[in-house]
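One-letter residues, chain by chain:
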Amino acid sequence: MVKICCIGAGYVGGPTMAVIAVKCPAIEVVVVDISKPRIDAWNSDKLPIYEPGLDEVVKACRGRNLFFSTDVEKHVAEADIIFVSVNTPTKTRGLGAGKAADLTYWESAARMIADVSKSDKIVVEKSTVPVKTAEAIEKILTHNSKGINYQILSNPEFLAEGTAIEDLFKPDRVLIGGRETPEGRKAVQALKEVYAHWVPEENIITTNLWSAELSKLAANAFLAQRISSVNAMSALCEATGANVSEVSYAIGKDSRIGPKFLNASVGFGGSCFQKDILNLVYICECNGLPEVANYWKQVIKINDYQKSRFVNRVVSSMFNTVSSKKVAVLGFAFKKDTGDTRETPAIDVCKGLLGDKAHVSIYDPEVTEEQIQRDLAMNKFDWDHPMHLQPTSPSAIKQELDYQKIFDNMQKPAFVFDGRNVVDAEKLREIGFIVYSIGKPLDAWLKDMPAIA
Ligand code: NAI
């Protein structure tokens, strides 16, 4: 029986390993983590993350060939294939701070693997890492190897939160990079055989290590760039009277452009896009390519611009101040069908409103009040002007929203600002709301109150 161990039981490690276990009953999969609460949650009825379909997959194989444990060293020592899926956040201090990936967790995982291994291992990079990380990992492992043979593979994960299980069951492609040596090819083949249990062979791409590592950063940069492109257009749409949904539809019909990922919004969030682009920018700079670095930096600048543009629109519409005004924020996670709030644009929007002293009530069915409080307190804010953050009463808005009732209870003029173009703006206008839909022609009121951005 092949034994797999995955270090890191997070958004990637948990779902990917659960899917491998369910698709490969003859493989024993153990997911390990240094965080006991996380492992306890994986072993409980309330999993630590929300993903549609995840509960069913975990329940189908947990205790059979899928296990979650904090005994990291034991399971690493016993494994044939070790996936490393630890977090690789942006460095906050030291060389490359604010851009480079922080590989502290990765390095300590690699050193631990070297310490406890007694048999040959295939070590798989599942985390998103800078190009050439495999070389560094290889050095750590081989300099401490005690005669053990290590093969490092890059197998970046392309799942999207909110559709992780669907993406893992039917991936567009699985990418495996390895050394172009006989041992390297053998290791690639071994990992390929795992995926071949359910992924068609033509969808499993094999490349050299550096192409695989860079492809992950490139994919996220391209995806984020599409969002920034359409968001940049949304600003122009508002200025000219064009409708961004119509523009997106029209350009998406061009088969070279395609219809996906063209929805204007208040900006992208999540733990990956910004982090990976910053990482890409840093790598470009380190390789003496400032023009390329600046090109990708602009994707993040537009994203920041879009978030502040949204806040400015809200504030300017309400006579240039939201001080003491009650604002209900519906949705806080970075997108639907997830409880993940890492880098969610909602943080910037809420902080912007709180900075102008609004009374903000926030509700998201997948995010706890403590998490929201933590997210909003994370950075410096003005201690002299404490925030007015009020918990919402979920029951009031958990059900289908009764906009007429909401309108009746609001001060007039009453506003709805739609950062995702999800509400029926015309219906709300009939009720009497002033509605702002991102990238759509502006109500007369909003036209007269231009955003200050
Ligand atoms: P996460 O923060 O949810 O999970 C990482 C886990 O690793 C944590 O539970 C942490 O306790 C554990 N950990 C850290 N150091 C450890 C060590 N030395 N030994 C054992 N456990 C350790 O992170 P997430 O979101 O799962 O991301 C992991 C990697 O996958 C990152 O590099 C990320 O960029 C990448 N990725 C994330 C995607 C996502 O949608 N979240 C998608 C594709 C890639």
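Up top is the structure.
From a predicted model like this one, the values you see are computed outputs, not experimental measurements.

Basis of the calculations
- Residues numbered from 1 in each chain as written.
- Predicted model: local features only at pLDDT ≥ 70, side-chain atom pairs only at ≥ 80, totals over all residues.
- Axes fitted to C-alpha atoms, helices over the stretch in contact; angles between N-to-C directions.
- Helix = DSSP H or I, 4+ residues; strand = E, 2+ residues; numbered from the N terminus.
- Left-handed = near helix turned anticlockwise from the far one by under 90°.
- Contact = placed C-beta atoms within 7 Å.
- Nonpolar A, V, L, I, M, F, W, Y, C, P; charged D, E, K, R; others polar.
- Core = buried A, V, L, I, M, F, W, Y, C linked by C-beta atoms within 7 Å.
- Buried ≥ 20, exposed ≤ 12 C-beta atoms within 10 Å, placed from the backbone.
- Pairing = 2+ DSSP bridges.
- Right-handed = clockwise from strand over helix to strand, strands pointing away.
- Near = placed C-beta within 6 Å.
- Parallel < 35°, antiparallel > 145°, perpendicular 65-115°, else oblique.
- Expected span 1.5 Å × (residues − 1).
- Arc of directions from axis to C-beta.

A. Fine view of the packing of helix 9 (residues 209-240) against helix 11 (residues 273-286). Following both chains from N to C, one finds helix 9 and helix 11 inclined at 115°, their axes separated by 9 Å at the closest point. Handedness of the helix 9/helix 11 crossing: left-handed. The residues of helix 11 that touch helix 9, namely those facing Leu 217, Asn 220, Ala 221, Leu 223 and Ala 224, are Phe 273, Asp 276, Ile 277, Asn 279 and Leu 280. Grouping the constituent residues of the contact of helix 9 with helix 11 by class yields seven nonpolar, two polar and one charged.

B. Examining the nonpolar core more closely. Counting residues in each nonpolar core, the largest one holds 65 residues, and the members touching the most others are Ile 7, Ile 82 and Val 123. Looking at this core element by element, the count peaks at six residues for helix 1 (residues 13-23). Contact partners of Ile 82, with chain neighbours within four places excluded, come to Cys 5, Ile 7, Val 76, Ile 113, Lys 121, Val 123 and Val 124. Counting 51 residues, the second largest nonpolar core, distinct from the first, contains Cys 237, Leu 280, Phe 332 and Val 360.

C. Highlighting the pairing of strand 10 (residues 359-363). Side chains Val 360 and Ile 362 of strand 10 all project onto a buried face; the interleaved residues His 359, Ser 361 and Tyr 363 project onto a face where none is buried. Across five bridges, strand 9 (residues 326-330) lies against strand 10 in parallel orientation. Bridging from a neighbouring strand, Ala 328 pairs with Ser 361 of strand 10. With helix 13 (residues 345-355) bridging strand 9 and the parallel strand 10, this β-α-β connection has right-handed handedness.

D. Representation of the site of the ligand within the structure. Close contacts around the ligand come from 27 residues, with Gly 8, Gly 10, Tyr 11, Val 12 and Ser 127 the closest. In terms of residue count, the dominant contributor to the shell around the ligand is helix 5 (residues 104-116) (three residues). Its residues assigned to classes, the shell around the ligand shows twelve nonpolar, eleven polar and four charged.

E. View of the packing of helix 5 against helix 6 (residues 133-143). Axis separation between helix 5 and helix 6 bottoms out at 8 Å; the angle between their running directions is 30°. Taken together, the axes of helix 5 and helix 6 lie roughly parallel to each other. Note on packing geometry: the crossing formed by helix 5 with helix 6 is right-handed. Where helix 5 abuts helix 6, its residues Glu 107, Ala 110, Arg 111, Ile 113 and Ala 114 lie against Ile 137, Ile 140 and Leu 141. Considered class by class, the residues forming the contact of helix 5 with helix 6 number six nonpolar, no polar and two charged.

F. Summary view of the pairing of strand 4 (residues 81-84). Residues Ile 81 and Phe 83 line one face of strand 4 and the alternating positions Ile 82 and Val 84 line the opposite face, and both faces are buried. Alignment of strand 1 (residues 3-7) against strand 4, held across four bridges, turns out to be parallel. Paired with Cys 6 across the two strands is Phe 83, which belongs to strand 4. In the sheet, strand 4 pairs with strand 5 (residues 121-125) via four bridges, with the strands oriented parallel. Its bridge partner lying in strand 5, Ile 82 is registered against Val 123.

G. Fine view of helix 5. Taking 1.5 Å of rise per residue, the 13 residues of helix 5 would be expected to cover 18 Å, and the 19 Å separating its terminal C-alpha atoms lies within 8% of that figure. Restricting attention to buried positions, one finds in helix 5 the residues Trp 106, Ala 109, Ala 110, Ile 113 and Ala 114. Down the axis of helix 5, the sector holding all buried residues measures 140°, keeping them to one side. Looking at the buried positions of helix 5, the neighbouring elements they touch are strand 1, helix 4 (72-78), strand 4, strand 5 and helix 6.

H. Broad picture of helix 1. Burial analysis of helix 1 places ten of its eleven residues in the buried class, which makes it a mostly covered element. The set of residues buried in helix 1 consists of Gly 13, Gly 14, Pro 15, Thr 16, Met 17, Ala 18, Val 19, Ile 20, Ala 21 and Val 22.

I. Just unusual backbone geometry, in detail. The residue after Lys 412, namely Pro 413, is reached through a cis peptide bond having omega -5°. Mapping Pro 413 onto the fold places it in the loop between helix 16 (403-408) and strand 12 (415-418). Positive phi outside glycine occurs at Lys 132, with the angle close to 85°. Secondary-structure assignment places Lys 132 in the loop between strand 5 and helix 6. Classification of Lys 132 as partly exposed rests on a count of 13 C-beta atoms within 10 Å. Within the chain, Asp 337 stands out as a residue other than glycine whose phi angle is a positive 60°. Topologically, Asp 337 is positioned in the loop between strand 9 and helix 13.

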